[in-house]
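# Commentary on secondary and tertiary structure
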Amino acid sequence: MSNLTGFVKRLRDIMRNDAGINGDAQRIEQIAWLLFLKVYDTKERDWELDGEEYQSVIPEACRWGSWAAEAPSGAAMTGDKLLNFVNNTLFPTLKTLPVDASSPVRNAIVQATFADANNYMKDGVLLRQVINVIDGLNLDDYEESHAFGEIYESILKELQSAGSSGEFYTPRAVTDFMARMIRPRIGEHMADFACGTGGFLTSWMKELQKQVQSTADARKYGESVFGIEKKQFPYMLCVTNLLLHDLDVPRVYHENALLRDVLDYTEDDRFDVILMNPPYGGSEKADVKNHFPADLASSETADLFLSVIMYRLAKNGRAAVILPDGFLFGTDNAKLNIKRKLLGEFNLHTVIRMPGSVFSPYTSITTNILFFDRTGPTWETWFYRLDMPEGYKHFSKTKPMKLEHFTPAMEWWNDRRELSVDGFDKARRFTARQLAEDLKYNLDQCGYPHEEEEILAPLDLIRRYEEERSSLNAEIDRVLAEITAILEGGAS
Amino acid sequence: MTPQALKHSILQLALQGRLVEQRPEEGTAKALYRQIREEKRRLIREGKLKKEKPLPEITEEETPFEIPEGWIWARFGEMSQLLDGKKMQGASHPYLDAKYLRGKSDAAFVTSGKFVSTGTRVILVDGENSGEVFYVPKDGYMGSTFKVLYNSSSMFEPYVLYFLFYHRRDYRNNKKGSAIPHLNKSLFFNMPVPIPPLAEQQRICAKIEELLPYIGRYEQAWNRMEDFHQKFPADMRKSLLQWAIQGKLTEQRPEEGTAEELYRQIQEEKQRLIQERKLKKERPLPEVTEEEKPFEIPESWIWCRLGTVLHKLTDGTHATPKYTARGVPFLSVKDMSSGKLNYSNCKYISEQDHQELSARCNPEYGDLLLTKIGTTGIPVIVDTNQPFSLFVSVALLKFNQDLILNKYLQILINSPLVQVQAAKNTRGVGNKNWVMRDIANTVIVLPPLAEQKRIVSKLEELLPLCGQLK
């Protein structure tokens, strides 16, 4: 087994000296496409051994073995020759590989991955050093491949602090918790329509893996995940991640899940399980709303995704979705209608509130996990507030959130009772009628008592302000409309 | 539209006869008017009402709006009067003053006064809120600033009360008298009242009741909006400051060096100055622990304690000097609580005293002052060459301004990172105190010098915009 320790550090040290790499996000992008090609190459050699005549979709000169691997003569391409090859041959070729809708997924993913990829490095010698480190990985070996999967995860985790790329990464403690509580079963199909780096897909697989007993099981296990990711960079990371998890055919598509009319979805488009952390505050063109019924058309992408989920969850299906506080307390018209539909047609049985620093440093916004299924309308909803564990003031790079921090929630899950701490609700149930009529769909219950004022990042603050303002404006408009109705209509 | 304006416009619709439809079968107000006058004559005969001068006819100009056919205008004094309540003594009852009737105080019991029974309406005739009507919740003795409001039983009382509420501001704004203002009785009794038939009065009131909960909701949403608008600019400012000192406002540029190097430079210079006896040797401060670091900072920055990057940290004189009418300004917290030095109300001391005090505490151009007693944590840059001395309530921070920007330190101290520490460490009774040792121990972040400059200029662009948010 080659030396995996210090893998990330070695790459970082080499790339630090290249003028083309500006910051963590670019460094990770650079590593990403190289790793993808290396992992794909390992997979291809497996497929070649499978017996049938395997034709690589990549032309011979561009395959990893031809230009990246250490040549036996020790004369592997380096320096300007290498740079020239990468920029003027490799990338243009891979970006324009002949693929179409009928191409098998394993061929299509190469072009999809490289469509927007970039080579940032400007020093051919340093690039050769980086390639050598990556080539040194022996991914044929099961142990090493598995160990590397962990390292890959740690590379992905760095995205959280790499500026805006943090939106592609959900901490694994959270995805593991959700995958566990959703209780996967062999034979089920799960989906994530904004899968980012594939955290929910891999957490689901980790949980489901425990149930695989036969080859038939293994086949169903391999076919159980489905993902859509709009942005090229996380798409590449996700595909690589799944290939590392031994999925031959990662069913992840480089598309925008919001661009299909929700009313067009049929049973075939529906899934038994949906796990998601939809992006919020996302930028979409205004006409994306045209794909939704008018009453559900929101400007907030998280709201639109929730609608997509409602239209794509199979009968008796289960879902767990991360949504920000703004969704819980927001009462603008679209949100009200979405919540009305959610409580009216789905069973929102649990809302877990998470503390503010779960996604830090990417954002300090407080988020929540909504668990619901399609077994009928909501009868009652349980709210549970997960408090910071002992000894933690907040999560950080050095003190990240771990699955074990969810233990109190997991214990409470099967033995639910109302709890209160220092006079503040921690766990409480509300009937659907209370939520609809008394609380008017304000789902911001069992929240965090504000001991220390949370300072939000400027953009988060602006977003919160806009949400509150539109909720309040909507409320004012509603009241005025009702008053007008009384004044005009009911003159008695 | 404020909730008050909303309520007012609904009441206006009511009084104009546009809230509910008119129904001919309910009759006209003419008959009602005759009833009102007959009842008044009868009660005067029975001695229950005072006889008064008749009120003048209402002219066209006096009517503020059109009213429906079946309605009639009359003056308020024709249907209502202010009475005294029965003088009684013996039984113990609560004294009904305004505070008690507002529910803001407990009952004080007395045994004599002007008795009024439960359900009576009383009206304030003296004081700020003259014209305001109250409901008597239990038998009691009426406060001296009140009178009993008598309304003709031919009128539907709630309608009359809404009328009075509608004109509340008119009564308030036109009080008579200067020492103790009181209700302008002439305005009060002459006010034209639009009178609908009795049944319609009842329907109008029912409609208003129907709308009250909606007005309540409107008021709630409105108040929350106001609250929000109020807090937002300050919250935005805090957010930007914190963002800046977390290193997120500016990009880090490796060519600018690291804060580690900067810190070393500062320490080396301090050592040298100590050797040259230009600086006093200080007690070393403890390292910043992990728990004390509330957020991540860029790799090129460092955490450290405020005291370690200063050349001198001292406070103004502990003894109150002799003040003079003119001389050298002697400043304390009140002269800089806006964030800038303000000499308009300051004290002065003699030139000689100032020289003595300067030996220990000598503020100079570019230094930073920091309030430490009372309102603590306000950083102020010394932007003048004029000499002045300080009181113990203000600390003086001296540092190498070529290595640390005073504007950066000011931003740093104004940020939540330091403000939270200041608040936590400001202790005591009465005028609270942020002691020198805690100030020195304050945990801060330090970026490379060039980045300090970039942070300062970015914020100079952004912070004024916050001011515009109000």
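Residues numbered from 1 in each chain as written. Chains lettered and ligands numbered in written order. Predicted model: local features only at pLDDT ≥ 70, side-chain atom pairs only at ≥ 80, totals over all residues. Heavy atoms only, no water.

## Some remarks on the overall build of chain B
Worth spelling out the cut-off: Put simply, DSSP H or I for four residues or longer makes a helix, DSSP E for two residues or longer makes a strand, and each gets a number counted from the N terminus. To get the radius of gyration, use the C-alpha atoms; to get the globule rule, take the number of residues to the power 0.38 and multiply by 2.2 Å. Here the term buried applies to any residue with accessible area under 20% of the maximum for its type, exposed to any over 50%, and partly exposed to those in between, with areas from a 1.4 Å probe on protein chains only. Neither His nor the chain termini are counted; the positive set is Lys and Arg, and the negative set is Asp and Glu. A charge is said to be at NZ when it belongs to Lys, at CZ for Arg, at CG for Asp and at CD for Glu.
In terms of regular secondary structure, chain B is built from 13 helices and 20 strands. For 470 residues, the compact-globule estimate of 2.2 N^0.38 gives 23 Å, and chain B exceeds it by more than 25% at 35 Å. Counting only C-alpha atoms, chain B reaches 105 × 50 × 40 Å along its principal axes. Relative to its 470 residues, chain B shows a buried fraction of 47%. Each charge class in chain B was averaged separately, 67 positive and 58 negative side chains, and the resulting centres sit 6 Å apart.

## Concerning the overall build of chain A
Operational definition: In this analysis, two residues are considered to be in contact whenever any of their non-hydrogen atoms come within 4.5 Å of each other. Here the accessible surface of atoms and residues is derived via Shrake-Rupley with a 1.4 Å probe, and residues count as covered only by protein chains that are part of the display.
Scanning chain A from N- to C-terminus turns up 17 helices and ten strands. Taken over C-alpha atoms, the radius of gyration comes to 25 Å for chain A, in line with the 23 Å a tight globule of 492 residues would show. Here chain A, with 492 residues, has 56% of them falling under the buried criterion. Across chain A, the fraction of contacts at a sequence separation of at least 24, relative to all contacts at a separation of at least 6, is 77%. Taken as a whole, chain A presents about 21,200 Å² of accessible surface, with 48% of it coming from carbon and sulfur. Once the 55 positive and 75 negative side-chain charges of chain A are each reduced to a mean point, those two points are 2 Å apart.

## Some words on the interface of chain A and chain B
How we decide: Accessible-area loss on putting two parts together, using a 1.4 Å probe and summing over both, is the definition of buried area adopted here. Any Lys or Arg side-chain nitrogen located within 4 Å of an Asp or Glu carboxyl oxygen qualifies as a salt bridge. Polar contact is the term for a pair of N or O atoms within 3.5 Å; when the atoms are in protein, one must be able to donate a hydrogen and the other to accept it, and sequence-neighboring residues count only if both atoms are side-chain atoms. Residues are sorted three ways: Asp, Glu, Lys and Arg are charged, Ala, Val, Leu, Ile, Met, Phe, Trp, Tyr, Cys and Pro are nonpolar, and all the rest, Gly among them, are polar.
The partner chain B presents 37 residues to the 30 residues of chain A that form the contact. Taken together, the two surfaces of chain A and chain B that pack against each other cover about 3,200 Å², and 69% of this comes from carbon and sulfur. Linking chain A with chain B are three salt bridges, by the criterion used here. Here Arg217(B) ties to Glu475(A) by a salt bridge, and the two come within 3.2 Å at their closest N and O atoms. Joining chain A to chain B, the criterion identifies six residue pairs in polar contact (both at pLDDT 80 or more). Classifying every residue of the side of chain A that touches chain B gives 16 nonpolar, six polar and eight charged.

## Describing the sheet that holds strand S4 (residues 271–276) of chain A
Residues and elements named next belong to chain A. Put simply, the rule is: For two strands to pair, DSSP has to find at least two bridges joining them.
Taken together, the ten strands give an open sheet; going across it, the order is S3-S2-S1-S4-S5-S7-S6-S8-S10-S9, and neighbouring strands pair in mixed fashion. Either end of the sheet is taken by a strand with one partner, and the two such strands are strand S3 (252–253) and strand S9 (419–421). Looking at chain direction, strand S6 (residues 347–353) and strand S8 (residues 380–385) are connected through four bridges and run parallel. Following the sheet pairing, Val 351 is matched in S8 by Phe 383.

## Let's talk about the packing of aromatic side chains
Residue and element names in this part refer to chain A. Put simply, the test is: When the centres of two rings from Phe, Tyr and Trp lie within 6.5 Å, Trp using its six-membered ring, the rings pair. Their planes under 30 degrees apart give stacked, over 60 give edge-to-face, and anything left gives tilted. Any Lys NZ or Arg CZ found within 6 Å of a ring centre and within 35 degrees of that ring's normal is scored as a charge over the ring.
If you walk through the whole model with that rule in mind, you get 35 aromatic pairs over all chains. Taking the centre distance of 5.8 Å and the plane angle of 50 degrees together, the rings of Trp 47 and Tyr 54 count as tilted. Residue classification places Trp 47 among the buried positions, given a relative accessible area of 2%. Looking at Tyr 54, the relative accessible area reads 13%, which means it is buried. Ring centres 4.1 Å apart and planes at 10 degrees place the aromatic pair Phe 177 and Phe 406 in the stacked group. Placement of Phe 177 in helix H8 (residues 172–182) and of Phe 406 in the loop between S8 and helix H15 (407–413) is noted, with a sequence separation of 229 residues between them. Judged on exposure class, the residue Phe 177 and its partner Phe 406 are both buried. Ring pairing ties together the aromatic residues Trp 33, Phe 36, Tyr 40, Trp 47, Tyr 54, Phe 91 and Phe 114, which thus form one cluster. Looking at Lys 399, its charged tip hangs above the ring of Tyr 392, at a distance of 4.8 Å from the centre. Against the face of Trp 413 rests Arg 416, its NZ or CZ located 4.7 Å from the ring centre.

## A word on the environment of Thr308(B)
Residue and element names in this part refer to chain B. On the secondary structure map, Thr 308 appears in the loop between strand S10 (302–305) and strand S11 (312–315). Residue Thr 308 is classed as buried on the basis of its relative accessible area, which comes to 14%. Considered as a pair, Thr 308 and Ile 266 are 42 residues apart in the sequence and their alpha carbons are 8.6 Å apart. Apart from the residues lying within four places of it in its own chain, the contact partners of Thr 308 are Tyr 263, Ile 266, Gln 267, Lys 270 and Leu 285.

## A short note on the sheet that holds strand S12 (residues 328–331) of chain B
Strand-to-strand pairing in sheets goes through backbone hydrogen bonds, with the strands running parallel or antiparallel. All names here are of chain B. The condition that has to hold: Axis angles are defined between N-to-C directions and span 0 to 180 degrees, where every axis is a line fitted to C-alpha atoms and, for a helix, only to the segment in contact.
Reading across from one edge, S13-S12-S16 is the order of the three strands in this open sheet, with mixed pairing throughout. Where the open sheet ends on each side, the last strands, each with one partner, are strand S13 (347–349) and strand S16 (389–390). Here S12 pairs with S16 via two bridges, running parallel. Residue pairing across strands places Leu 331 opposite Leu 390, the latter belonging to S16. Along the sheet face, helix H9 (residues 351–358) touches S12, S13 and S16 and points at about 85 degrees away from the line of S13.

## So, the pattern of salt bridges
A side chain with one charge may pair with a side chain of the opposite charge, provided their charged atoms come close. All names here are of chain A. Tallied over the entire structure, the rule returns 61 salt bridges over all chains. A salt bridge links Asp 269 to Arg 260; the nearest nitrogen and oxygen atoms lie 3.5 Å apart. Judged by relative accessible area, Asp 269 falls into the buried class, the value being 15%. One network of salt bridges, with partners in common, ties together Arg 12, Asp 24, Arg 27 and Glu 158.

## What about unusual backbone geometry?
Residue and element names in this part refer to chain A. Phi is positive for Asp 422, which is not a glycine, with a value near 55 degrees. Residue placement: Asp 422 occurs in the loop between S9 and strand S10 (424–431). Its relative accessible area of 73% is what places Asp 422 among the exposed residues.

## Looking at the packing of helix H2 (residues 24–49) of chain A against helix H5 (residues 105–114) of chain A
All names here are of chain A. Our working rule: Any angle between 65 and 115 degrees counts as roughly perpendicular, while under 35 counts as roughly parallel, over 145 as roughly antiparallel, and the rest as oblique.
The N-to-C vectors of H2 and H5 enclose an angle of 170 degrees; their axes lie 12 Å apart at closest approach. In terms of orientation, H2 and H5 fall into the roughly antiparallel class. Of H5, the residues touching H2 (which contributes Trp 33, Phe 36, Leu 37, Tyr 40 and Trp 47) are Arg 106, Asn 107, Ile 109, Val 110, Thr 113 and Phe 114. Of the residues in the contact of H2 with H5, the class split is eight nonpolar, two polar and one charged.

## So, the nonpolar core
Residue and element names in this part refer to chain A. Going by this rule: In these notes, a set of buried Ala, Val, Leu, Ile, Met, Phe, Trp, Tyr and Cys residues joined through side-chain atoms within 4.5 Å is what counts as a nonpolar core.
Phe 7 and Trp 67 are the most contacted members of the largest nonpolar core, which has 107 residues in total. Sorting elements by how many residues they give to this core places H2 first, with eleven residues. Not counting chain neighbours up to four residues away, the residues in contact with Trp 67 comprise Trp 33, Leu 34, Leu 37, Ala 61, Cys 62, Met 77, Leu 82, Phe 85, Val 86, Leu 90, Arg 128 and Ile 131.

## A word on the state of the cysteines
Applicable threshold: The disulfide criterion is simple: two cysteine sulfur atoms within 2.5 Å.
The full count for this structure, using the stated rule, is zero disulfides over all chains. The thiol sulfur of Cys238(A) is not disulfide-bonded, and the nearest other cysteine sulfur, from Cys195(A), lies at 3.9 Å.

## Focus: H5(A)
All names here are of chain A. The element H5 is largely enclosed, with a buried count of seven among its ten residues. Within H5, the full set of buried residues consists of Val 105, Asn 107, Ile 109, Val 110, Ala 112, Thr 113 and Phe 114. Turning to H5, the residues buried within the fold contact H2, helix H4 (79–95), helix H11 (232–244) and S3.

## Some thoughts on the confidence of the model for chain B
The criterion, for reference: A residue's pLDDT is the confidence the predictor assigns to it, expressed on a 0 to 100 scale.
Per-chain confidence: chain B averages 91 in pLDDT, with 100% of residues scoring 70 or above. Quick note on the complex model: pTM equals 0.74, ipTM equals 0.74.

## Digging into the side chain of His93(B)
Looking at the secondary structure, you find His93(B) in strand S3 (residues 86–96). If we skip the residues at most four places from it in the chain, His93(B) touches Ala108(B), Phe109(B), Val110(B), Phe115(B), Asp139(B), Gly140(B) and Tyr141(B).

## Some points on the side chain of Asn151(B)
All names here are of chain B. Considering the arrangement of structural elements, one finds Asn 151 in strand S8 (residues 146–151). Under the relative-accessibility criterion, Asn 151 is labelled buried at 9%. There is a polar contact of 3.0 Å between the side chain of Asn 151 and the side chain of Glu 157. Not counting chain neighbours up to four residues away, the residues in contact with Asn 151 comprise Phe 76, Met 79, Ser 80, Glu 157 and Val 160.

## Observations concerning the environment of Ser337(B)
Counting through the fold element by element, Ser337(B) comes out in the loop between S12 and S13. The spacing of Ser337(B) and Gly113(B) is 224 residues in sequence and 52 Å in space, taken between C-alpha atoms.

## Focus: the pairing of strand S9 (residues 192–195) of chain B
The side chains of a regular strand alternate, first on one face of the sheet and then on the other. Residue and element names in this part refer to chain B. The side-chain alternation of S9 yields two buried faces, one formed by Pro 192 and Pro 194 and the other by Val 193 and Ile 195. Pairing geometry for strand S1 (residues 72–75) and S9, over four bridges, is antiparallel. Each bridged residue has a counterpart across the sheet, and for Arg 75 the counterpart in S9 is Pro 192.

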